[in-house]
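Reading the structure
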Amino acid sequence: SGSFIYMSNLCSSLFLEGCDGPLVSSLPQSAFRSSSQLSNSHGPGYAKLNRRDGAGGWSPLDSNKYQWLEIDLEQRTEITAVATQGRYGSSDWVTSYLLMFSDTGHNWRQYRQEDSIGAFSGNTNADSVVTYKLQQPVFAQFLRVLPLDWNPNGRVGLRLEAYGCQYKSDVASFDGTSYLLFSFDPPPGPSAKDLLTANFKSVHHSGILIHMEDQHGHALTMELLKGKLFLHLRKGTAGDFHTTASLGSLLDDQHWHHISIERLRGHVNFTVDKNTQRLQLLFFHKISFGGVSAVGAQRDHSKRNFHGCLENLLYNGVNVVELAKEKKVSAVGNVSFTCAEAVEVPLTFASPDSFLQLPWAVSRDSVSLSLQFRTWNRGGLLMTSELQHQAGTLWIYLSDARIRLQIHKAGRIVVDITAGSALNDGQWHSVELSVRRGRLILAADKADTSTTTTSGCRNLFSVFQGCMRLIHLDGSLVDLIKVQQMLIGNFSGLQMDLCGIVDRCSPSHCEHGGKCTQSWSTFHCNCSNTGYGGATCHSSVYEASCEAYKHRGNTSGLYYIDVDGSGPIKPQLIYCNMSDKAWMVIQHNNTELTKLRASSGTNQHLAYFNYSADTKQLGAIISRAEHCEQELSYHCKKSRLLNTPDGAPFTWWVGRSGEAHTYWGGAVPDSQQCACGLQEDCVDPEHFCNCDGDLDDWYPTLYPPYLPYPPYPPKGILNGPSEHLLSSDDFWNAAYFNKETSYLHFPTFHGELSADISFLFKTRSSSGVFLENLGIKDFIRIELSSPTEVIFSFDVGNGPFEVRVETPEPLNDERWHRVKAERNVKEASLHVDNYPGAVQKAPADGHIHLQLNSQLFVGGTASRQKGFLGCIRSLKLNGKTLDLEERAKITPEVRPGCPGHCRSYGGLCQNRGRCVEKYNGFACDCGASPYSGTFCHKEVSAYFRPGTSVAYTFKEPYELNRNSSSQSSSIYSDLTLKGENVSLSFRTGQAPALLLYVSSYYREYLAVLLNRNGHLDVKYKLQSNRDAEVFRSNARNLANGQLHQVSIRRVSESLSVQVRCTLHTLYEDMKAVFLTGAEGAESGEMDPEIARLNALGFTGCLSVVQFNSIAPLKAALLYPDTSPVIVTGPLTESNCGSSSSSSPYAAETTHSLSDHFGTVGTGQPVVNAISSDSALIGGVIAVVIFVILAALAVMARFLYRRKETCQTPESKGAKPDDSPETPFNTDPTSQSIITDTQKEYFI
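The rules behind the values
- Sequence order sets the numbering: in each chain, residues are counted from 1 along the sequence as written.
- Predicted model: local features are reported for residues with pLDDT of at least 70 only, side-chain atom pairs are reported and counted for 80 or more only, and whole-chain, interface and lining totals are derived from all residues.
- Note that the side-chain values use all heavy atoms of the structure and ignore hydrogens as well as water.
- Remark: nonpolar core denotes a set of buried residues (Ala, Val, Leu, Ile, Met, Phe, Trp, Tyr, Cys) joined through side-chain atoms within 4.5 Å.
- Burial status follows relative accessibility: with a 1.4 Å probe on protein chains alone, a residue under 20% of its type maximum counts as buried, one over 50% as exposed, and anything between as partly exposed.
- Strand pairing is assigned whenever DSSP identifies at least 2 bridges connecting the two strands.
- Numbered from the N terminus, helices here are DSSP runs of H or I no shorter than four residues, and strands are runs of E no shorter than two.
- An axis is simply a line fitted to the C-alpha atoms; with a helix, the fit covers only the stretch in contact. Between two such axes, the angle follows the N-to-C directions and lies from 0 to 180 degrees.
- Pairing of aromatic rings covers Phe, Tyr and Trp, the last through its six-membered ring, and needs centres within 6.5 Å; plane angles under 30 degrees mean stacked, over 60 mean edge-to-face, and all others mean tilted.
- Whether a charge sits over a ring comes down to the Lys NZ or Arg CZ being within 6 Å of the ring centre and within 35 degrees of the ring normal.
- When a carboxyl oxygen of Asp or Glu is within 4 Å of a side-chain nitrogen of Lys or Arg, the pair counts as a salt bridge.
- Any pair of N or O atoms that falls within 3.5 Å is considered a polar contact. Within protein, one atom must be able to donate a hydrogen and the other to accept it, and sequence-neighbouring residues count only if both atoms are side-chain atoms.
- Note on definitions: a residue-residue contact is assigned when non-hydrogen atoms from the two residues lie within 4.5 Å.

Turning our attention to the nonpolar core. One finds F759, I782 and V858 to be the most contacted residues of the largest nonpolar core, which totals 40 residues. Counting 39 residues, the second largest nonpolar core, distinct from the first, contains I403, L405, I407 and I417.

What follows is the structure, encoded as structure tokens:
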């Protein structure tokens, strides 16, 4: 029996701790009230769970949405669950309802699940019991149930039970001048933990709630200001208060709210209701509750103390209210220990159909009206009434968040008054209207305004959505309870005896610093200047790596990089060096060599390196990098570094982990050596570092390839030029799924409120599931439903939800396609490639949390059906990349990696560049192109002046050694010519001038020149015994300092010449002429005119010179040692061929990181960014070129066509094409585009 008693007591204790005892079944019938009852036997007192008394439950007289059942629990009680049941033995039950609670029986508050779900699902029959455990317990004396829907074949019928336990409540009431002073004497010593908790209910929207001080003059004030709680901190008696935190909203609603301040190991958790901020604050031991003395502390904030009640005020377990009752805590002013409840009956205009109609006889001579309202909307009609004696119609409404009064008469506005401003802040505001003796006064928040009489047309205004209370008509308060009982007036769509305003911006769902604004029914996030986009500023608008920018076709430049996507790390402006791999370059402030003074040993020299990225950004970049490099050099001359072999090191460096290291570049950790010591080739073999030999020569020592960054700078006598280079491999992390049953699994995806998923795929299959994650009821899935449709589907408790994107082109084309899906509390979106995306709005009042609990399946499903066949790459979930390759290595039927990228990215290779496949990506082979750069996009140009020449000479055919390398393709070519493709760009102010000369071993030649008028001449001689033919352009003077492009193409007997001016893109008339020639060839001297022009030399710029597959200028500039070129005089690469340069003699300038200007966009580099692909020269080098291309060109008959595309400035209507990446049309098979202004003449 002893054991039985022990277990009974234990169960009773657990029962009390569980707080789930029945609360309703033992109440008398007098504790039940209702809006109406069908009969005495259907009264509210019969609405007890599982009871069959009376008619077996409560049923109202009419079944509509204005009925309610109310229960008085007789004291404040903790309520943890509710259960409902239909009326016994009937077809009457409630299918959905609202739950309200109150301490007074008025000013009800609606219980909401997940802060948005208000409706509870009810019963499906009369007898089954449906129980809901409340996510957060309710502390109240009164409960009210409002039926929303019921059995359509019956009427409202309800039996009810509530579960919970008794609640101990110790309260103290403050009148706005009183407060409690709680202090320790003497002050206790430091403790590891402090905890202060309380509940409060406020009458006024502002007041000092708690004030704390310590013996050093530090102070912390918790202030209620316009319904929000603020923490203000002051350090020292002479300091000012600064706001450190703000939480909560609408806290002046006359309901209880919970506050908590918990200090643990130097961190403070500040909690209001369910929202917490983490701070670093001191804790204080002299505390005043309810306010502060005006003499004892600075009154920098609120002008009043707290007016309201504090409940269960505990400090480190001490009940302060009980101590105050026992007079062990000082009470200043009128502090009482009961909480007086203000009885104010609000009403809510929740929908556009809501209205209230009241009887009011408005006289012309005397009018008095006042009310209070609160709303988030900038506009809405507050009231309207017809004036007596046909004086017009009175309108009072919100317009642009101001009160506006108008009187309309006969379609005209005869009175127009405005008052107040910013009245849509969610606070209670008052409106007062009075007419006395012909004077009309409109006041907002007690502030009068003057009248303005106008005339005009009647304005249109929207309906009001918000709360009202304290409506007075001619000085009499309207009894809204009688309105609710339908004893006076009329209404529709109103929520009576409650204010249903919700602050949708507290807490804010706007991420990454987005600013939240709201209306009555929704909120909006302003993402400007955040670097993020979407409905909640969740997804980054920037790429996660330079590699991603590169594969959008971007060249080297400054870009914003967001390494963790939608994660917490901010985007960082980083220089991307686009070469075969995309490198991220992060510089610091110490890039110049610094001369160090000798140290006596007591004063160390510290070298600090402040990087352009902060610690978190650097750490994230490094962790995602495929390879990292850093170079920092220490130059020594009679300056010891490590003091080897036996001494203590004079210099060390500190890495990112905070540990000191004494090894240097090329050596191994903990070796206390430099590279020469490890390789045993130091100048002095007695030392392990050249710097330790006290040598009289300068010796550089490289910094190790480990990456220190603030706050751990290197220490010692150290400095020098440095850069931080990184590349990322997340972009190519891929897996290949070769069976429909294959998949990869990962841990559960956690994206409760915001989830973004992005990846690339390529496939031949017509359908398949990309990924899936399941919960008990919730799920998330992305699939290819057909060759032209992708579906993003999920369920967060509101039923399955789908977002679909259909594409005009099939997606199963073995090309890479990008998918990006996002789901947040406002909407769900899906984007595929650059096609128009799809967006679906979330329900306004629905579940918002996505709750998953199974593994994440990639490439398949848990059922192993509808699996995906193909490749998935760069899969990111909420900014984190899943390592598909590592998981694929240990998973059957899935292979790591996925080759074959040129089909998708080959189009990025420009100007005859050839795409070359790589395991991770691709590269552009520019061997057959006169351009260079990552995408064969960069013009190869040089300035020329007399004294410099370049000769490119073919060897005799039998001496030519073929070379199959990509580099050679721009150097050597087939000597048997059936046609020529010649292209070049030039910029000069010289006329006449020789631009290009091509000759054979038999006196045949081609010359491109400018005559004395600056017109372009093409001179062809293909038979040594015939005179040369000259084909002259009739375009304007081309020696005008502007960039011009020339393209000459001969195919068999057809010759076309195209001249394009940078600033003009329209075409002139096109002409063609037929010529004949005789066979034969013999050697001779250079044409006299050509020789004369050659002697003059050329001053100007030549760029992207190409003859068939030969790029002679590129060969001379980039490959002079391996090309058959002879360069006379200085020749240096320049950017003079860029269309952005307006002067042929413009100087070039190198730019440091501090010189970058311009707009940084998504995928657009900053103007003047560092170019890593060019050799930059400080100043201008002007040279001249005479290009000789030796080739065999013998033809008997030619068809010459001349096409001129350079226009005069009068030609307008087309957008200039200044892009230096626009390729010349040198493809023999391509077709020229003929505009309406072009004509052909065949002679």
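Here we take up the sheet that holds strand β60 (residues 856-858). The sheet built from six strands is open, its strands ordered β51-β60-β53-β54-β55-β56 with antiparallel pairing. In this open sheet, the two strands that pair with only one neighbour each are β51 (744-746) and β56 (801-806). Neighbour-to-neighbour, the strand axes of this sheet turn through a mean angle of 15°, independent of strand direction.

Scanning the model with the defined rule gives 26 aromatic pairs in all. With centroids separated by 5.0 Å and ring planes inclined at 55°, the aromatic side chains of F770 and F868 adopt a geometry described as tilted. Taken together, the positions of F770 in strand β53 (residues 768-774) and F868 in the loop between β60 and β61 (870-877) put the pair 98 residues apart, joining distant regions of the chain. What makes F770 buried here is its relative accessible area of 1%. Ring pairing ties together the aromatic residues F737, F759, F761, F770 and F868, which thus form one cluster. Seen from the ring of W428, R469 lies directly overhead, with NZ or CZ sitting 4.0 Å from the centre.

Moving on, we get to the pattern of salt bridges. The full count for this structure, using the stated rule, is 36 salt bridges. One salt bridge connects K446 with E432, and the closest N-O pair in it is separated by 2.6 Å. Note that K446 is positioned in the loop between β32 (439-444) and β33 (447-449) and E432 in strand β31 (residues 429-436), a separation of 14 residues in sequence. Given a relative accessible area of 63%, K446 falls into the exposed group. Taken together, the shared-partner salt bridges in this structure form one network comprising R76, D103, K201, E311 and E341.

The subject of this paragraph is the sheet that holds strand β27 (residues 380-386). Pairing is antiparallel in the open sheet, where four strands are placed in the order β27-β28-β29-β30. Strand pairing shows two members of the sheet lacking a second neighbour, β27 and β30 (412-419), which therefore form its edges. Across the sheet, the mean angle separating the axes of adjacent strands is 15° when strand polarity is ignored. Here seven bridges tie strand β28 (residues 393-399) to strand β29 (residues 402-409), and the two strands are oriented antiparallel to one another. Note that in β29 the partner of S399 across the bridge is R402.

This part covers the side chain of S941. Here S941 lies in strand β66 (residues 941-944). When its relative accessible area of 1% is taken as the criterion, S941 is described as buried. Within the structure, S941 has its side chain in polar contact with the side chain of S1103 (distance 2.6 Å). When neighbours within four sequence positions are excluded, S941 is seen to be in contact with C1101, L1102, S1103, L1113, L1117, T1132, E1133, S1134, C1136 and G1137.

Limitation: the analysis is restricted to geometry and does not speak to function.
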